[in-house]
Structure formats: structure tokens, C-alpha cells
Amino acid sequence: KQEVTQIPAALSVPEGENLVLNCSFTDSAIYNLQWFRQDPGKGLTSLLLIQSSQREQTSGRLNASLDKSSGRSTLYIAASQPGDSATYLCAVPRFSGGYNKLIFGAGTRLAVHP
Amino acid sequence: GAVVSQHPSWVICKSGTSVKIECRSLDFQATTMFWYRQFPKQSLMLMATSNEGSKATYEQGVEKDKFLINHASLTLSTLTVTSAHPEDSSFYICSANRGNTEAFFGQGTRLTVV
């Protein structure tokens, strides 16, 4: 059974800091991993998708890495800004019943204060 | 990126009435869509998988008669909460996979049953 864990559960930092959010999964037989952002009361915004053959993906100040063998992914946020405050979720697909269903971590709630 | 639109974004209804939530993929066809439920400060819980032209498949513990799902076309899935009760109050989110890989989410619907 695939389980996804995110550490830390919450993080509060001053503006400008570089951050690392961690995601671990128990079954390394995944073919991709996706990072999302969720603002309070809103849906999920896809940030980065890493295929199993890739080691990392970058988008602006965000960089996500993937180490399948160790069951880990990290989301690196450079030069954090108050607008980055949100909950960050990682998810991996699980093939079940003929469909790829996403298994989510509990998320990291990030607060960046001025 | 791909867009999934969910409507309404919030709804308040009386106990015993039914509420319909729509999920549309605006720029791609989705034979499969997913419905999630999210409680405050918790991660997403998959409720059911919506399949175009066939019956939805429900996760264990989700009442099929309570949460009716109809996937009428390749771009529209609906979730109807029947005979709603206060305990059904929650945040409901849909998603669709483009090309069976990257998942895109709707904006979510906040349901309050009074």
C-alpha cells in the first residue's frame, strides 16, 4: 500500500529565505510525482510534474527533485515571498481498478511573513 | 496549463435537499475524472472515479446513493449530493488527467448544509 508523508507539517519563515519541503513515499514503483499548491478555500494548482525518468524539474523559483530508489522528493523554493504562503501537497499515482488514482501527502502549510 | 472548471464555488442548502456540482475540462477531453472531499486542515480523500459513458467506481466507505456521479460527456462530470445533511458539509474538488499523466484540479466547491 502506497503511503505518502510530508515533512514538515507546517513552516513559518521570514521573507527571502530558501526553503526545502520534503515528501516521501513507501512504494518506489511510481512513474511520476506531482507537486501542488493549495490556497485556503481553493482548489489545487499544479506546480511541477516529475516523470520517473527525471531527476528534477524547475519552474521559476521552484525546483523539485526526485529520488525513486530512496522514495523521496523535495520541493525547493528560492527567495521565498509572502505570496508563496499556501499549503503544498505532493502526490503519486496508484494504479487501481484500471485507473491512475493520486495518493496525497497531508501537505506542508507554509507561511512567509514580511 | 490545462483548465478544469468547477461550479459552483460555494453553495448553501437546506438539510434534505440535493445539490449538484459540475466539473468541466475546458481544453481537453477527459474520459476519467475524479471527485475528492477535503475536511479542514486535512488532505484530499478520493471519493470516486467518474467514467464517461459508464458507471462511476466508488472508494470503500463512500455511499453510492448519497453521492451520485454522472459523466455525460468527455468534458463534463457532475456530483450530486442527495438528501444532504449537515455532516455532508465539506469542500469537494474534482480533477481530470490530461493524457493519463498530469492531473488538473477544479477550484473546489464549499458545501454548507444548514
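Refer to the structure printed above.
Quantities reported herein were computed from a predicted structural model and do not represent experimental measurements.

K.L.:
Kindly report on the environment of Arg109(A), identifying the contributing residues and their values.
P.N.:
Inspection of the secondary structure puts Arg109(A) in strand E11 (residues 108-113). Sequence-distant contacts of Arg109(A), that is, excluding residues within four places in its chain, are made with Ala9(A), Ala10(A), Leu11(A), Ala86(A) and Thr87(A).

K.L.:
Quick rundown of the pattern of salt bridges? Include the residues and the values.
P.N.:
Enumeration according to the criterion identifies five salt bridges over all chains in this entry. For Asp84(A), the salt bridge goes to Arg61(A), with nearest N and O atoms at 2.8 Å. Remark: Arg61(A) occurs in the loop between strand E6 (56-59) and strand E7 (62-67) and Asp84(A) occurs in the loop between strand E8 (72-77) and strand E9 (86-96); sequence separation between them is 23 residues. When its relative accessible area of 28% is taken as the criterion, Arg61(A) is described as partly exposed. Between Lys101(A) and Glu59(B) there is a salt bridge, with the nearest N and O atoms lying 2.7 Å from each other. Of this pair, Lys101(A) sits in strand E10 (residues 99-104) while Glu59(B) sits in the loop between strand E6 (57-58) and strand E7 (67-73), placing the two residues on different chains. The two residues Lys101(A) and Glu59(B) agree in class, both being buried.

K.L.:
A description of the state of the cysteines should follow, citing residues and the corresponding values.
P.N.:
Using the criterion set out here, one finds two disulfides over all chains in the structure. A disulfide bridge connects Cys23(A) with Cys90(A), and the sulfur atoms are separated by 2.0 Å. Here the S-S torsion is close to 80°, and the disulfide linking Cys23(A) with Cys90(A) is therefore right-handed. Of this pair, Cys23(A) sits in strand E3 (residues 19-25) while Cys90(A) sits in strand E9, and the two are 67 residues apart along the sequence. Per residue, the accessibility class of Cys23(A) equals that of Cys90(A), and both read buried. The partner cysteine of Cys23(B) in its disulfide is Cys94(B), sulfur to sulfur 2.0 Å. Disulfide Cys23(B)-Cys94(B): the torsion about the S-S bond is 85°, which places it as right-handed.

K.L.:
Mind laying out the pairing of strand E4 (residues 32-38) of chain B, listing which residues take part and the relevant values?
P.N.:
Residue and element names in this part refer to chain B. For E4, a buried count of seven out of seven residues is recorded, marking the element as mostly surrounded by other parts of the structure. Across the two faces of E4 the burial is the same, with Thr32, Phe34, Tyr36 and Gln38 and Met33, Trp35 and Arg37 all buried. Pairing between E4 and strand E5 (residues 44-51): seven bridges, direction antiparallel. Paired with Trp35 across the two strands is Ala48, which belongs to E5. Between the antiparallel neighbours E4 and E5 lie five residues, among them Lys41 with a positive phi of about 60°.

Parameters and conventions
Residues numbered from 1 in each chain as written. Chains lettered and ligands numbered in written order. Predicted model: local features only at pLDDT ≥ 70, side-chain atom pairs only at ≥ 80, totals over all residues. Heavy atoms only, no water. Helix = DSSP H or I, 4+ residues; strand = E, 2+ residues; numbered from the N terminus. Contact = heavy atoms within 4.5 Å. Salt bridge = Lys/Arg side-chain N within 4 Å of Asp/Glu carboxyl O. Buried < 20%, exposed > 50% of the residue type's maximum accessible area, 1.4 Å probe, protein only. Disulfide = S-S within 2.5 Å. Pairing = 2+ DSSP bridges.

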